[in-house]
Structure formats: structure tokens, C-alpha cells
Amino acid sequence: MKQRRKTLPRSRPVSVVTGAAGFLGSHLTDRLLARGHQVIGIDNFVTGSVDNIAHLGGNPRFKFIQQDVTEFLFLDTRVDYVWHFASPASPIDYLELPIQTLKVGSLGTHKALGLAKNKRARFLLASTSEVYGDPLVHPQTEDYWGHVNPIGPRGCYDEAKRFAEALVMAYRQEHRVETRIVRIFNTYGPRMRLNDGRVVPAFISQALKQRPLTVFGQGDQTRSFCYVSDLIEGIYRLMMSDYDLPVNIGNPTEMTMLEFAHAVIRATRSRSKITFRPLPQDDPRQRRPDITRAKKILRWSPRVPLATGLVKTIDYFRLKVR
Ligand code: UDP
């Protein structure tokens, strides 16, 4: 028998967001509060920051619990939605924290699913384009199984998320938890950590400091960047939909890292030059989401052009860079 919430929420929906002090978790929390939810945010601040949720202090609909999500989650309230966003998410973070990355993707997902099962809540996993690894299929559709090196430097993240997807499917099948899986492609916007090593904060801070932009390899590897508000809208629609297989959410406008470096230099009106550094091991050569499924099922596609999103992101970083 399919397990459902006992009753539809009569009062405000209650959402639990793991990783609520992170880049995406905090934007998601803002969106949920704006849509009338009560939000319980959980974070252990390993990569999240209190600055990202400081503006919510005193909001009676936001409650924060400082906890590692790999430990048992006890909540004394009704819960309607569990959004599992906790994880280190930048290559330098998970290189530095490989065991924590594996634990939050496996044990943390287990605890968050256990909470959803116990509360009869709907569960959404923040998965990643990294499940496709260094893809041999381009652009990436959800049907592609991926090309991942389990023992390479990205293995701890990629395999944790692949395990998490398998666990979600098992809870759906065995315990009839209502589940959703979003595969998130490169996303950018305010609240990214200045020093998280990812290309967007790296290039913007280098450009603002008039330092050379560090392009890895020849800069011919590609990515496609989605502005955070577009991404959060897609994820919200997915949770509220009745679709339970993975959905790619990202922006399909693809560019090389060299092109992106020039775009950042233009947008910041910087005098910075470009310098080339060795390409990290297993750095995916190309990445672009096929978003046919999201368009069809969620009636979603990204709206914010790179030029507009970059201006907003640069304005945020100007206040942080000294
Ligand atoms: N990159 C770069 N210079 C930097 C940081 C990253 O050229 O200072 C490249 C990196 O090699 C990769 C792309 O930018 O090809 C995106 O890297 P990021 O760490 O943002 O995330 P990824 O998509 O690799 O997970």
C-alpha cells in the first residue's frame, strides 16, 4: 500500500532543510518561507555559514538546529517535506573532507530518509550532475548511467551521491516514502563561499582583486551555469510534482572555462589577465544538462541570462572581497 501523509496539512506546511546554512540550502529556506512554509533548518557549519541565515534571526517561522545530519534526527513536530541538501559540494571541500562527504551522502541520507518515513513526509534528495562523472554522453540525459572513477579524487562525492540515489529508490520501494531526486548542475549566485575553490567565486574574486584568473588546463573544458533563483524554482516545482524519477535542473547554455574567464573580466571591468594552471585529475571535460524532462514535467526552464546573474553575484562578492 502506498504510504501517504495522513492528512493534508491544514495549517502551514512544515519543511525540514538539511544544509540550511549552505549556499543552496539557505536560498531554498528563503523561498519556502516566502511560500508560507514553516522551516526547520539543520546544519553543522562544516561548510555552511551563519551569515547565510543571519537575516532569519527572529523569524517565528524559522527554527534552526545545529546538528550533524549523520546523527539521529529527533523532531517533536509534524513534518510535511524533507529537503536533503547537506553535503560539502565543491571539489576542494570534498578533497579536504572525503570521509565527511561520504558519511553525509550515505549515513546522512539514511537519517534524513528515516525522518521522512517516520513523519510520513515527502523527501527530496539534492543529487548532482557528478553522478554522470566525466560523461561520455553529451548533453547528459537522466537515462545516462555515468562514467565515474570510484577511487579518484571526486569518488567520495560522486559515489556518495550515487549511493544516496540508490537509498532513496530503496526507501521509495520498500517503505513507500514519496521521494524526489534532483540532479543539480553547476549553480552560482550570492552566498557562494569566496574561498570554496569553485570557478565562479575564484574568477570573480581574482578579477575584483585585479589578479590573474587561474584557468585550469587549456580552459577548453565546458560547464553550463544556472543562476540560483532559477535552480530553486525548478527544485520547488519538482518537490510539488508527482514525478519520482531523477530530474536534471541546470542551465543548458554551455561555455568553455576560457570563455567564462573572459565573461567575468568583462562583467567586472577588470584589468586582470589569464594564467593557466594544471588541470586537476578527473576534471570532467564537458558538462551540459539535457533539460527536456524538466521542461515537460515541471514546465520549467531557466530565465536568468548569465550577464544578469553575474552582475548580481559580482555585487555580492564586491562586499566580501577586500
Ligand atoms: N576551474 C578553473 N579555475 C579555477 C577553478 C576551477 O579553470 O580557479 C575549472 C575546473 O577545472 C572545472 C571548472 O572550472 O573544469 C568548474 O570547476 P568547479 O570547481 O567550479 O566545479 P566542477 O564543475 O568541476 O565540479
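Quick note: structure is the one above.
Residues numbered from 1 in each chain as written. Predicted model: local features only at pLDDT ≥ 70, side-chain atom pairs only at ≥ 80, totals over all residues. Heavy atoms only, no water.

A.B. asks: Looking at this model, I keep getting lost on the overall build of the protein. Mind explaining?
C.D. replies: Assigned secondary structure in the protein consists of nine helices and 13 strands. At 19 Å, the protein has a C-alpha radius of gyration in line with the 20 Å of a compact globule built from 322 residues. Each principal axis of the C-alpha distribution contributes one length, and for the protein these read about 60 × 45 × 40 Å. Here the protein, with 322 residues, has 55% of them falling under the buried criterion. Expressed as a percentage of contacts within the protein between residues at least 6 apart in sequence, the contacts between residues at least 24 apart total 81%. Total accessible area on the protein stands at roughly 14900 Å², and carbon and sulfur atoms take up 52% of it. (Helix = DSSP H or I, 4+ residues; strand = E, 2+ residues; numbered from the N terminus. Rg over C-alpha atoms; globule rule 2.2 N^0.38 Å. Buried < 20%, exposed > 50% of the residue type's maximum accessible area, 1.4 Å probe, protein only. Contact = heavy atoms within 4.5 Å. Areas by Shrake-Rupley, 256 points an atom, 1.4 Å probe, with all protein chains shown as cover.)

A.B. asks: Could you clarify how one ought to interpret the packing of aromatic side chains in this entry?
C.D. replies: In this description, a pair of aromatic rings is defined by centroid distance and the angle of the planes. Under the counting rule described, the total for this entry stands at 12 aromatic pairs. In textbook terms, an aromatic cluster arises when at least three aromatic residues are bridged by ring pairs, as seen for Tyr188, Phe203, Phe225, Tyr227 and Phe260. Its guanidinium or amino end placed over the ring of tyrosine 236, arginine 35 lies 4.3 Å from that ring's centre, counting from NZ or CZ. (Phe/Tyr/Trp six-rings, centres within 6.5 Å; stacked < 30°, edge-to-face > 60°. Lys NZ or Arg CZ within 6 Å of the ring centre and 35° of its normal.)

A.B. asks: It is not clear to me how helix α6 (residues 228-240) should be interpreted in this structure. Could you clarify?
C.D. replies: Helical periodicity: at 3.6 residues per turn, an α-helix aligns residues three or four positions apart in one direction. Taking 1.5 Å per residue, 13 residues should reach 18 Å; α6 reaches 19 Å between its end C-alpha atoms and fits that length. With 10 of 13 residues buried, α6 is to be regarded as a mostly interior element. (Expected span 1.5 Å × (residues − 1).)

A.B. asks: What is the right way to read the site of the ligand from this model?
C.D. replies: Neighbouring residues of the ligand: 18 residues in total, closest Thr214, Phe216, Arg223, Asp283 and Arg287. With respect to the ligand, the backbone of phenylalanine 216 contributes an N or O atom lying 2.8 Å from an oxygen atom. Measuring from an oxygen atom of the ligand, one finds a side-chain N or O atom of aspartate 283 at 2.6 Å. For the ligand, the protein covers 95% of the area, taking 510 Å² as the surface of the free molecule. Listed by contribution, the elements that provide at least two residues to the shell around the ligand are α5 (199-208) and β8 (213-216). (Near = heavy atom within 4 Å. Polar contact = N/O pair within 3.5 Å; in protein donor to acceptor, adjacent residues only side chain to side chain.)

A.B. asks: How should I be thinking about the side chain of threonine 128 in this particular structure?
C.D. replies: Topologically, threonine 128 is positioned in strand β5 (residues 122-128). Residues within four places of threonine 128 in sequence aside, it is in contact with Tyr157, Lys161, Val182, Arg183 and Ile184.

A.B. asks: Looking at this structure, how should I read the nonpolar core?
C.D. replies: Nonpolar side chains in soluble globular proteins generally cluster together in the buried interior. Judged by nonpolar contacts, the single largest core of 58 residues is most densely connected at Trp83, Phe85 and Phe260. In terms of residue count, the dominant contributor to this core is α6 (seven residues). Residue contacts for phenylalanine 85: discarding those within four places in its chain leaves Thr18, Gly19, Leu24, Gly25, Leu28, Leu124, Ala126, Ile184 and Ile235. Val14, Ile40, Ile65 and Leu75 belong to the second largest nonpolar core, which has 25 residues in total. (Core = buried A, V, L, I, M, F, W, Y, C linked by side-chain atoms within 4.5 Å.)

A.B. asks: For this particular structure, what's the right way to read the pattern of salt bridges?
C.D. replies: Pairing between side chains of opposite charge can happen when their charged atoms approach one another. This structure, assessed with the given rule, holds 21 salt bridges. Note that glutamate 130 and arginine 287 form a salt bridge whose closest N and O atoms lie 2.6 Å from each other. Taken as a pair, glutamate 130 in the loop between β5 and α4 (155-175) and arginine 287 in the loop between β13 (274-277) and α8 (292-298) lie far apart in primary sequence, 157 residues in all. There is no split in this pair, since glutamate 130 and arginine 287 are both buried. Across the pair glutamate 178 and arginine 180 runs a salt bridge, and its minimum N-O distance is 3.8 Å. As far as burial versus exposure is concerned, glutamate 178 and arginine 180 are alike and both buried. (Salt bridge = Lys/Arg side-chain N within 4 Å of Asp/Glu carboxyl O.)

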